[in-house]
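For reference, the chains in residue letters:
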Amino acid sequence: MATQTFEATDHKLLAAGEWSEGVEWGEVRSPYDDSVVGRVAIGDAATAERAIAAAHEAFVSADFPQYERAAMLERAAELVGERVEDLAATIAAEAGKPIKTATVEAQRCVDTLNFSSVEARKLTGGTIPMEASAAGAGKLGVMLRVPYGVVGAISPFNFPLNLVAHKLGPAIAAGNAIVLKPAGQTPISALKLAEILLEAGLPEGWLSVVPGPGSKVGNAIVEHPLTKAITFTGSAPVGWDIRSRVPHKKVNLELGSNAPLIVNDDGDWETAADKAQIHAFSHAGQSCISIQRILVHEAVADEFKARLVANVEKLTVGDPLDPNTDVGSLITPGDRDRVKGWIDEAVAAGAELLTGGELVDEGRCLAPTLLGAPPKEAKVWCEEIFGPVATVDTFSSFDEALAMANDSKFGLQAGVFTRDIGRGLEAGRTLEFGGVLINEVPTFRADQQPYGGVKDSGNTREGPAFAVYELTEERFVTLQG
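Since we're looking at a predicted model, the values are computed, not measured.

A. Structural detail: the overall build of the protein chain. Within the protein chain, the secondary structure is distributed over 15 helices and 24 strands. Here the C-alpha radius of gyration of the protein chain, 23 Å, is about what a compact globule of 481 residues would show, namely 23 Å. Each principal axis of the C-alpha atoms in the protein chain carries an extent, and together these give about 70 × 60 × 40 Å. Relative to all contacts within the protein chain whose residues are 6 or more apart in sequence, the contacts with residues 24 or more apart total 72%. Carbon and sulfur atoms provide 51% of the accessible area of the protein chain, an area that totals close to 18300 Å².

B. Quick peek at the nonpolar core. Core analysis: the largest hydrophobic core is formed by 81 residues, its most contacted members being Leu113, Leu168, Leu193, Leu197 and Leu207. Within the second largest apolar cluster, 38 residues are counted, among which are Phe281, Ile294, Leu354 and Ile385.

C. Fine view of the sheet that holds strand S15 (residues 352–355). Strands sit in the order S15-S18-S19-S14-S13-S21-S22 across an open sheet of 7 strands; the sheet is mixed. Single-partner strands in this sheet number two, and they are S15 and strand S22 (435–438). The sheet shows a mean angle of 25° between the axes of neighbouring strands, taken without regard to direction. Relative to S22, strand S21 (residues 413–417) is paired through 4 bridges, and the arrangement is parallel. The residue bridging Ala414 from the neighbouring strand is Val436, located in S22. Sitting on the sheet, helix H9 (residues 269–279) touches strand S13 (260–263), strand S14 (293–297) and S21, and the angle it makes with S13 is about 155°. The strands touched by helix H10 (residues 301–312) are S13, S14, S15, strand S18 (369–372) and strand S19 (389–395); relative to S14, the strand with the most contacts, the crossing angle is about 140°.

D. Structural detail: the pattern of salt bridges. Scanning the model with the defined rule gives 30 salt bridges in all. A salt bridge links Glu105 to Lys97, with the nearest nitrogen and oxygen atoms 2.6 Å apart. Glu105 sits in the buried class, given a relative accessible area of 3%. On the accessibility criterion, Lys97 (0% relative accessible area) is buried. One salt-bridge network, in which partners are shared between bridges, spans Glu27, Arg29 and Asp34.

E. Representation of the sheet that holds strand S7 (residues 139–147) within the structure. With antiparallel pairing, 3 strands are arranged side by side in an open sheet as S6-S7-S24. Looking at which strands have only one partner, the edges of the open sheet turn out to be strand S6 (126–128) and strand S24 (472–480). Adjacent strand axes in the sheet meet at a mean angle of 30°, parallel and antiparallel pairs treated alike. Sheet topology places S6 next to S7; 3 bridges connect them, and they run antiparallel. The residue of S7 that forms the bridge with Thr127 is Val142.

F. Molecular detail of helix H6 (residues 187–199). Over its 13 residues, H6 extends 19 Å from the first C-alpha to the last, a length consistent with the 18 Å expected when each residue adds 1.5 Å. When we look at burial in H6, the residues that qualify are Pro187, Ile188, Ser189, Ala190, Leu191, Lys192, Leu193, Ala194, Ile196 and Leu197.

G. Seen up close, the side chain of His166. Tracing the backbone through its elements, the reader meets His166 in helix H5 (residues 162–173). A relative accessible area of 2% means that His166 is categorised as buried. Aside from chain neighbours lying at most four places away, what touches His166 is Thr112, Arg445, Asp447, Glu462, Gly463 and Pro464.

H. Highlighting the side chain of Asp447. Structurally, the position occupied by Asp447 is in the loop between S22 and strand S23 (454–455). Given the relative accessible area of 3%, Asp447 is considered buried. A polar contact is formed between the side chain of Asp447 and the side chain of Arg108, at a distance of 2.9 Å. A polar atom in the side chain of Asp447 sits 2.8 Å from the side chain of His166. In this structure, Asp447 is in contact with Arg108, Asp111, Thr112, Phe115, Asn162, His166, Gly463 and Pro464, ignoring residues within four places of it in sequence.

What counts and what doesn't
Each residue is numbered by its place in its chain's sequence as written, counting from 1. Owing to the predicted nature of the model, reporting of local features is limited to residues with pLDDT of at least 70; listing and counting of side-chain atom pairs is limited to 80 or more, with chain, interface and lining totals taken over all residues. Hydrogen atoms and water are omitted, and side-chain values are computed over all heavy atoms in the structure. Helix and strand definitions follow DSSP, with helices as H or I runs of at least four residues and strands as E runs of at least two, each counted in order from the N terminus. Within these notes, the globule rule equals 2.2 Å times the number of residues to the 0.38 power, and the radius of gyration is based on C-alpha atoms. Any two residues whose heavy atoms approach within 4.5 Å are treated as being in contact. Here the accessible surface of atoms and residues is derived via Shrake-Rupley with a 1.4 Å probe, and residues count as covered only by protein chains that are part of the display. The term nonpolar core refers to a set of buried residues drawn from Ala, Val, Leu, Ile, Met, Phe, Trp, Tyr and Cys, joined through side-chain atoms within 4.5 Å. Residue burial is assigned from relative accessible area. The probe radius is 1.4 Å, only protein chains are included, and a residue is buried under 20% of its type maximum, exposed over 50%, and partly exposed in between. Here, a strand pair is defined by DSSP locating no fewer than two bridges between the strands. Inter-axis angles, ranging from 0 to 180 degrees, are taken between N-to-C directions of lines fitted to C-alpha atoms, where helices are fitted over the stretch in contact. By convention in these notes, a salt bridge is any Lys or Arg side-chain nitrogen within 4 Å of a carboxyl oxygen on Asp or Glu. Helix span is expected to be 1.5 Å times the residue number reduced by one. In the analysis that follows, any N or O atom pair within 3.5 Å is treated as a polar contact, provided that within protein one partner can donate a hydrogen and the other can accept it, and provided that, for residues neighboring in sequence, both atoms belong to side chains.

The following block contains the structure:
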């Protein structure tokens, strides 16, 4: 297959039911070669406020029942499926994600919207056994699930289509109107998804997509009194700051991690090494659950490391629009230089450079890097790298491995390879993470699963069934017979 091309075009923002040129035009540039991917209309605080007011008006006045929301989302999924090739090329161009990985993201978006459609159809509350007490005799009690009204959403650059779908699909399924600020580096995918939702029948004003700086658009969305719930995916410092600023609102946070992979000597270490080749370096490691801390039992450590190094050195680094590319560039030159600096610091402090560590492809990309036994105070171990780097360390007992994995301020997902079901259950009970994946890497995510973390990694669960619950309130109603 030949390297794909991508045509740069202009994209207006969507606010208050209208496509607008905003307050100025901003260029979206390729993280790989700095070419112009497109121009996007940029909004400001006033744009966001206008969008929020329109969303509130649409929510209180539009008749948009569950079955219509479900049908719209189902139709949107069909349209995304028809446009996977274009959407994948958009993701690759603006995010620097290899086209084969970007294609998987576009295909997953179909699932996310379909699962959201299902949740729209089955959204319900429950009954309360009022006559279980004398005080409730003669009464019928029901618990309704009602939408918040207007949801404010802020999405990251690394999954510019599917993570946007994880914001929009469940919010709409739950009956909320929504105002989205997409990541500044990757707004085009979000705007294309908005076009699809409107084409599928989303009522006017129900959705706005306002690119712009967080200091203006993001703050306006977070602080406006009409946004009753906020859903944010991004860095831990920004997320927890948002929550502290609006303690009276529902704030759902899906944040970062430094995901551990435990490979015990009774586990399938060959499969673990093969999967780590992909899942430590896909999208240049720019995933919240990218494998970062690999813990291998000392009995199989040498064989595991040899296999993993050989695997990593086979990866193709370069142009994300080339179908042969496995690893592209980081999102900005500044991020590339930051990650390179962390590698150099770790090596200077005693970590073993197993492979990689250098800039390649005329300096545009960072080679996939493996570091052995880094100091535990090194950033590559205790912080979130968000780059194409994984560390490898050893343990002598399973309990030691669990303690090493838990020794982190993050807790999103952990992976464990063991053939012992008892050890698997022990890991599930002991590891302080939102998800514990047995005989799977921590980077695995199915779009219908509950996904989210504990500690600094967040306070919510995504996946349409769980996000719909997070984006509705319980309301008790009792009727006297």
